[in-house]
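# Results of the structural survey
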Amino acid sequence: QVQLVESGGGLVQAGGSLRVSCVASGRTFSTYAMGWFRQAPGKEREFVAGISGSGRTTVYADSVKDRFTISRDNDKNTVYLQMNSLKPEDTAVYYCAATNSISDFTYRTVQSYTSWGQGTQVTVSS
């Protein structure tokens, strides 16, 4: 498993942009599929975006498609989530997740991932 550390959260006005990052430990980062999830108070953790180990495949939740972009830099062991046109409903703790297990893997499910970061708060004011 890898250790994951998120950063870059903060307070932003509606319509603004923010980029959150997640740095992973270890030397085999490129073998891990990565995902971003978020959890608002009183709600379940939900999928935001996922990316394959090579970066060639990306998947998005409908609610963030065309506003958010997931990317990765395997030389830096880092995955990013660029968030544009932010809305108050995007307010949540954002978590990155990793897995190198292909058994029953789907980007969109919490259960597919074996490692999680501690989360970073993103707050969008109206």
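Note that the structure is a prediction, hence the values are computed from the model and not measured.

### A look at the state of the cysteines
Within this structure, the stated rule accounts for one disulfide. Shown here is the disulfide that connects Cys 22 with Cys 96, its sulfur atoms set 1.9 Å apart. Across the S-S bond of Cys 22 and Cys 96 the torsion is about 45 degrees, and the bridge reads as right-handed. Remark: Cys 96 occurs in strand 9 (residues 92–99) and Cys 22 occurs in strand 3 (residues 18–24); sequence separation between them is 74 residues. In this structure Cys 22 comes out as buried when scored by relative accessible area, which is 0%.

### Some remarks on the nonpolar core
In terms of nonpolar packing, the biggest core is built from 37 residues, with Met 34, Trp 36, Leu 81, Met 83 and Tyr 94 touching the most fellow members. For this core, the secondary structure elements donating two or more residues are strand 3, strand 4 (33–39), strand 5 (46–51), strand 6 (58–60), strand 7 (68–73), strand 8 (78–83), strand 9 and strand 11 (120–125). With five residues, strand 9 is the single largest residue contributor to this core.

### Re the packing of aromatic side chains
In total, this model carries six aromatic pairs according to the counting rule given. Centre to centre, the rings of Phe 37 and Phe 47 are 5.7 Å apart; their planes meet at 75 degrees, and the pair counts as edge-to-face. Residue Phe 37 is located in strand 4, and its partner Phe 47 is located in strand 5; the two are separated by ten residues in the primary sequence. A residue is classified by how much of its surface remains accessible, and Phe 47, at 9% relative accessible area, is buried. Considering the side-chain rings of Phe 37 and Tyr 113, the 5.3 Å spacing of their centres and the 80 degrees angle between planes classify their relative orientation as edge-to-face. Here Tyr 113 lies in the loop between strand 9 and strand 10 (115–116) and Phe 37 lies in strand 4, a separation of 76 residues in the sequence. Grouping residues by exposure puts Phe 37 and Tyr 113 together as buried.

### Considering the side chain of Ser 115
In this fold, Ser 115 is placed in strand 10. Engagement of the side chain of Ser 115 in a polar contact is seen with the backbone oxygen of Val 2, the distance being 3.3 Å. When residues no more than four places from it in sequence are discounted, the contact partners of Ser 115 are Gln 1, Val 2, Leu 4, Cys 96, Ala 97 and Ala 98.

What counts as what
- Residues numbered from 1 in each chain as written.
- Predicted model: local features only at pLDDT ≥ 70, side-chain atom pairs only at ≥ 80, totals over all residues.
- Heavy atoms only, no water.
- Disulfide = S-S within 2.5 Å.
- Helix = DSSP H or I, 4+ residues; strand = E, 2+ residues; numbered from the N terminus.
- Buried < 20%, exposed > 50% of the residue type's maximum accessible area, 1.4 Å probe, protein only.
- Core = buried A, V, L, I, M, F, W, Y, C linked by side-chain atoms within 4.5 Å.
- Phe/Tyr/Trp six-rings, centres within 6.5 Å; stacked < 30°, edge-to-face > 60°.
- Polar contact = N/O pair within 3.5 Å; in protein donor to acceptor, adjacent residues only side chain to side chain.
- Contact = heavy atoms within 4.5 Å.

Taken by themselves, the reported measurements are silent on function.
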